[in-house]
Amino acid sequence: MAWPPPDSRMAPLLAVEDLLVEFHTRSGTVRALDGVSFDLRHGEMMALVGESGSGKSVTAYAILGILDTAARISGRVVFDGRELLSAGEKAMGAVRGSKLAIIFQNPRTALNPIRPIGKQIADVLARHGNVTAAQAQRLGVEMLAKVRIPDPKRRAAAYPFELSGGMCQRVMIAMALACEPALLIADEPTTGLDITTQAAIMGLIAELVASRNMAMLLITHDLALAAQYCNRIAVMHAGHLVELAPTRLLFATPRHPYTANLIAAAPGEGAGLDRLSAIPGTIPDLRRGDLPACRYSERCERVTPDCRTGPLLRLDTADGRRVACRHPL
Amino acid sequence: MTSSAGTPRALLSVNGLRKLYPVGRKLLGRFGRTQPAMLHAVDGVSFAIERGETIGLVGESGCGKSTLARLIARLIDPTAGMIWFDGADISTMPARKFARSEWRADIQMVFQEATDSINPRFTAARAIADPLIRLRDLRAAALRVRVEEVARLTGLPAELLVRFPHQLSGGQKARVGIARAIAVEPRLLILDEPTSALDVSVQTVILKLLHELKQRLALSYLFVSHDLNVVRLLCDRVLVMYLGRIIESGPAVQLFAAPAHPYTQALLSALPNPGARRTRIALAGEPRSPIDPDPHICRLYGRCPRATDLCRKVAPLLQQIAAGRLVACHHPVDEMAAAGP
Ligand SMILES: Nc1ncnc2c1ncn2[C@@H]1O[C@H](COP(=O)(O)OP(=O)(O)OP(=O)(O)O)[C@@H](O)[C@H]1O
Ligand SMILES: Nc1ncnc2c1ncn2[C@@H]1O[C@H](COP(=O)(O)OP(=O)(O)OP(=O)(O)O)[C@@H](O)[C@H]1O
Ligand code: SF4
Ligand SMILES: [Mg+2]
Ligand SMILES: [Mg+2]
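Quick caveat, the model's predicted, so the values are computed rather than measured.

A. Quick peek at the overall build of chain A. Counting secondary structure elements, chain A contains 12 helices and 12 strands. For 329 residues, the compact-globule estimate of 2.2 N^0.38 gives 20 Å, and chain A sits close to it at 21 Å. Per-residue burial over chain A gives 53% buried out of 329 residues. A separation of at least 24 residues holds for 65% of the contacts in chain A among residues at least 6 apart in sequence. For chain A, the exposed surface amounts to about 13,700 Å²; the carbon and sulfur share of it is 54%. Side chains of chain A give 37 positive and 32 negative charges; the mean places of these two sets differ by 4 Å.

Encoded structure:
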């Protein structure tokens, strides 16, 4: 069989369709994701934004097949022409870390605590390219330099506990990039970094996206960062994907009331503490049996009774946007 | 005593604080002895925190902020230097003993990596209750009431209290970390990147809470953050660190308006700031190694746009350039003058 299939150039690299994730816990079922659909083309940088707890990381873990065993998943995740949710653990293991890499939100726990960082990067390189052990070692040091670890040659011998939080994050990034994935999922990759280092790291990722036609799903709560690097932005709220739009359009004319509030809540320059405002209300308890059709309805100023009773309407517009709202702006 | 040591009544004051870690293989030292290479994580830091004062600590990733925070929180032992808390020397007590001392409740810390600091077998409620049980001897109903109260204050929905860490999102875990540190109402709260995992909405809740606690309880904060906007909003004074040293300090308003050290200037130039005539300054070149740094060379040398020959012969000391403002640089920027009247 020809692989990849001849038409895969045209097909999106990643297609997520109607993804649903529920967690069974002692205190009830958490409906973490419901009806999440989006796709990503080769070489595209897309952002997934939304409040804390909105389901960004769960989406990433579902794609990678690394959710908690208490999770029930349904829907489809098609990556590079192959359905992943029904693929076995063995097949998934092969995809993960070769064509599909992730930078975890908590990098220190994702690194091997008892192996020097230089060796960990070299391991990845040795597994993926046809390089000798010595070459892998040298390339590993180069990767460390690229993510701006000072004195990379000597620091390659360091163990994760000997590194700062931001350094662990950068080592994780180096490892993810070392395997030259077709898709990189970056979960808050630069949250622990100062602005100068952040700019350097994002620049490095953007360069690789361009030169290797790599795609990236950037998970972040930083709208400015998303806007700077991504051509499309998907907004999540309480497990729903509420809006998906080209970046420029999203900021110019947000259609979902939540998106509009999210953009308005971004801190302006020079605003005092008293001028900062939180988005009113909180994400509803996702265990509730009576979750409204629109999970934003209890916080929304445009709400009408049918927003609650449903069903949730997902509107695709001609300009390539999607809005899950009955009364879009 | 230099002005950096603060007033005698300062809540916390540190002097000449150092933390060196042995790294890698041993090198041959003078006289044929072997001595390990040393990584200078914190290298001679002095400053003070007054009662009710919020100090911001900023600097590049890996410059030593968390190490300094952990030294002051007495989670690790200093290689050298003094730490006074409320007039008492707390630098000599081993970290293990400090954990059981009367001071433990007075100095609390919010960790940069929430995941690592919460016991994976504790529910969120149990994690928050832990310091209340150990340090405040709270039990039963009173304990439950207090746990629910701090969860509410930190914007942690009550239904999440029964969850284990792996069942919480990154930002939810971060709020558990903040809730348990404020629960015992410490006198000094050290926050290491407390808001970096939080979206703006939750961040606002936390910043307002910190401000309110400061007003009500005269809490002092050491606030480590790479988010300069948040530092500007919250902090009275700012310390800028570079490769283990404080290279500039001063009142937040002045430091943001007119940074004096070339590194601070470069750092702040990356901030969008429509009012200022600032252009973005990128520091070229490689950062110097933190391992056995040459004591005679300025640590920014090699990346600094203002460097001269002097900078690689004599390391600059932290000196006063104006009331309350200290800078370690041979050629500080006088931005007020540069911008004209
Ligand atoms: N194993 C689990 N069991 C039960 N609930 C879970 C589990 N994992 C995640 N959740 C819940 O699912 C929701 C989505 O979590 P997720 O980690 O995706 O949030 P997030 O958008 O990444 O937020 P953050 O920005 O804080 O990291 C949260 O309410 C979280 O508490
Ligand atoms: N236990 C240790 N052993 C050896 N080196 C260490 C240890 N802990 C920290 N370091 C080193 O000390 C330096 C300062 O680390 P620290 O964690 O204090 O940085 P930081 O300023 O908090 O950085 P970040 O912003 O990335 O969190 C780093 O070079 C780090 O590798
Ligand atoms: S002392 Fe010299 S090298 Fe160091 S920051 Fe100042 S000008 Fe730059
Ligand atoms: Mg997350
Ligand atoms: Mg740190």
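B. Structural detail: the pairing of strand β6 (residues 100-103) of chain A. Residue and element names in this part refer to chain A. Burial along β6 is two-sided: the face carrying Leu-100 and Ile-102 and the face carrying Ala-101 and Ile-103 are both buried. Sheet analysis places β6 next to strand β7 (residues 183-187), joined by 4 bridges and oriented parallel. Paired with Ala-101 across the two strands is Leu-184, which belongs to β7.

C. Structural view of the packing of helix α4 (residues 124-136) of chain B against helix α5 (residues 140-153) of chain B. Residue and element names in this part refer to chain B. For the pair α4 and α5, interaxial distance at closest approach is 10 Å and the crossing angle is 120°. In terms of axis orientation, α4 runs oblique to α5. For the element pair α4 and α5, the recorded crossing hand is right-handed. For the pair α4 and α5, contact is made by Ala-125, Ile-128, Ala-129, Leu-132 and Ile-133 and by Leu-143, Arg-146, Val-147 and Val-150, respectively. Split into classes, the residues belonging to the contact of α4 with α5 amount to 8 nonpolar, no polar and 1 charged.

D. Looking closely at the site of ligand 2. Surveying the vicinity of ligand 2 reveals 20 residues, the closest of which are Glu162(A), Ser164(A), Ser61(B), Gly62(B) and Thr67(B). One chain alone does not account for the residues near ligand 2; they come from chains A and B. In this structure, Gly166(A) approaches ligand 2 through a main-chain N or O atom, which is 2.8 Å from an oxygen atom. In this structure, Ser66(B) approaches ligand 2 through a side-chain N or O atom, which is 2.7 Å from an oxygen atom. With the chains in place, 92% of the 640 Å² that ligand 2 exposes on its own is no longer accessible. Contributions of two or more residues to the shell around ligand 2 are made by α7 (165-178) of chain A together with β2 (34-49) and α1 (65-72) of chain B. When grouped by side-chain class, the residues that make up the shell around ligand 2 number 7 nonpolar, 9 polar and 4 charged.

E. Looking closely at the interface of chain A and chain B. Facing the 46 residues of chain A at the interface are 53 residues of chain B. In total, chain A and chain B occlude about 3,900 Å² of area from one another, counting both sides; carbon and sulfur atoms represent 54% of this. Taken together, the links from chain A to chain B amount to 1 salt bridge. For the salt bridge of Arg108(A) with Glu113(B), the shortest nitrogen-to-oxygen distance reads 2.8 Å. Across the chain A-chain B interface, the total number found is 12 residue pairs in polar contact (both at pLDDT 80 or more). Among the secondary structure elements, those contributing two or more residues to the side of chain A that touches chain B are α3 (107-110), α6 (152-155), α7 and α8 (195-212) of chain A.

F. Geometry of the packing of aromatic side chains. Under the counting rule described, the total for this entry stands at 5 aromatic pairs over all chains. Taking the centre distance of 5.3 Å and the plane angle of 65° together, the rings of Tyr258(A) and Tyr296(A) count as edge-to-face. With Tyr258(A) in helix α11 (residues 257-265) and Tyr296(A) in the loop between α11 and α12 (305-309), this residue pair connects regions lying 38 residues apart in the sequence. Comparing Tyr258(A) with Tyr296(A) shows no difference in burial state: the two are buried. Between Tyr242(B) and Tyr263(B), the ring centres sit 4.9 Å apart and the planes meet at 55°, which makes this aromatic pair tilted. Remark: Tyr263(B) occurs in helix α10 (residues 262-269) and Tyr242(B) occurs in strand β9 (residues 237-242); sequence separation between them is 21 residues. For the pair formed by Tyr242(B) and Tyr263(B), the shared burial category is buried.

G. Spotlight on the coordination of the magnesium ion (ligand 4). Residue and element names in this part refer to chain A. Here the magnesium ion (ligand 4) is held by Ser-57 (OG) and Gln-105 (OE1), and the distances to it run 2.0 to 2.3 Å. Here the residue Ser-57 occupies a position in helix α1 (residues 56-64), and Gln-105 occupies one in the loop between β6 and α3, the gap between them amounting to 48 residues. Looking at Ser-57, the relative accessible area reads 17%, which means it is buried.

H. Looking closely at the sheet that holds strand β5 (residues 82-83) of chain A. Residue and element names in this part refer to chain A. Taken in spatial order, the 4 strands line up as β2-β1-β4-β5 in an open sheet, and their pairing is antiparallel. Both edges of this open sheet fall to β2 (28-40) and β5, since each of them pairs with a single strand only. The pairing of strand β4 (residues 71-79) with β5 spans 2 bridges and is classified as antiparallel. Following the sheet pairing, Val-78 is matched in β5 by Glu-83. Across the face of the sheet, α1 comes into contact with β1 (14-25), β2 and β4 while running at roughly 110° to β1.

I. Examining the coordination of the magnesium ion (ligand 5) more closely. Within the first shell, the magnesium ion (ligand 5) binds the protein through Ser66(B) (OG) and Gln112(B) (OE1), at distances of 2.0 to 2.2 Å. Here Ser66(B), found in helix α1, pairs with Gln112(B), found in the loop between β6 (107-110) and α3 (114-117); they are 46 residues apart in sequence, far enough to count as distant.

J. Summary view of α4(B). Residues and elements named next belong to chain B. For α4, which comprises 13 residues, the first-to-last C-alpha distance of 18 Å matches the rise-based estimate of 18 Å (1.5 Å per residue) to within 8%. Taken as a whole, α4 has its buried residues at Ala-124, Ala-127, Ile-128, Ala-129, Asp-130, Pro-131, Leu-132 and Leu-135. Packing partners of the buried residues in α4 comprise β6, α5 and α6 (170-183). Where α4 ends, the next residue or the one after it, Asp-137, has phi of about 55°, a positive value.

K. Geometry of the nonpolar core. Membership of the largest hydrophobic core comes to 62 residues, with the highest contact counts inside it found for Ile128(B) and Phe223(B). Looking at this core element by element, the count peaks at 7 residues for α6(B). With residues up to four places along the chain from it excluded, the contact list for Phe223(B) reads Thr54(B), Ile55(B), Gly56(B), Leu57(B), Leu191(B), Pro194(B), Leu207(B), Leu210(B), Val230(B), Val231(B), Leu234(B) and Cys235(B). The next biggest cluster of nonpolar side chains, apart from the first, holds 61 residues, and it includes Leu125(A), Ala158(A), Cys168(A) and Cys300(A).

L. Just the sheet that holds strand β8 (residues 220-224) of chain B, in detail. Residues and elements named next belong to chain B. Spatially, the 8 strands line up as an open sheet ordered β6-β7-β8-β3-β9-β10-β12-β11, and their pairing is mixed. Sheet topology places β6 and β11 (319-322) at the edges, where each strand pairs with a single neighbour. Sheet twist, expressed as the average angle between the axes of neighbouring strands with direction ignored, equals 25°. Where β11 and strand β12 (residues 325-327) come together, 3 bridges link them in antiparallel fashion. Across the sheet, Ala-322 pairs through a bridge with Arg-325, a residue of β12. In the packing of α6 onto the sheet, contacts are made with β6 and β7 (188-192), and the angle to β6 comes to roughly 175°.

Cut-offs used in this document
Residues numbered from 1 in each chain as written. Chains lettered and ligands numbered in written order. Predicted model: local features only at pLDDT ≥ 70, side-chain atom pairs only at ≥ 80, totals over all residues. Heavy atoms only, no water. Helix = DSSP H or I, 4+ residues; strand = E, 2+ residues; numbered from the N terminus. Rg over C-alpha atoms; globule rule 2.2 N^0.38 Å. Buried < 20%, exposed > 50% of the residue type's maximum accessible area, 1.4 Å probe, protein only. Contact = heavy atoms within 4.5 Å. Areas by Shrake-Rupley, 256 points an atom, 1.4 Å probe, with all protein chains shown as cover. Lys, Arg positive; Asp, Glu negative; His and termini not counted. Charge placed at Lys NZ, Arg CZ, Asp CG, Glu CD. Pairing = 2+ DSSP bridges. Axes fitted to C-alpha atoms, helices over the stretch in contact; angles between N-to-C directions. Parallel < 35°, antiparallel > 145°, perpendicular 65-115°, else oblique. Left-handed = near helix turned anticlockwise from the far one by under 90°. Nonpolar A, V, L, I, M, F, W, Y, C, P; charged D, E, K, R; others polar. Near = heavy atom within 4 Å. Polar contact = N/O pair within 3.5 Å; in protein donor to acceptor, adjacent residues only side chain to side chain. Buried area = accessible area lost by both parts, 1.4 Å probe. Salt bridge = Lys/Arg side-chain N within 4 Å of Asp/Glu carboxyl O. Phe/Tyr/Trp six-rings, centres within 6.5 Å; stacked < 30°, edge-to-face > 60°. Donors = N, O, S within 2.8 Å, 3.2 Å for Na, K, Ca; no water. Expected span 1.5 Å × (residues − 1). Core = buried A, V, L, I, M, F, W, Y, C linked by side-chain atoms within 4.5 Å.

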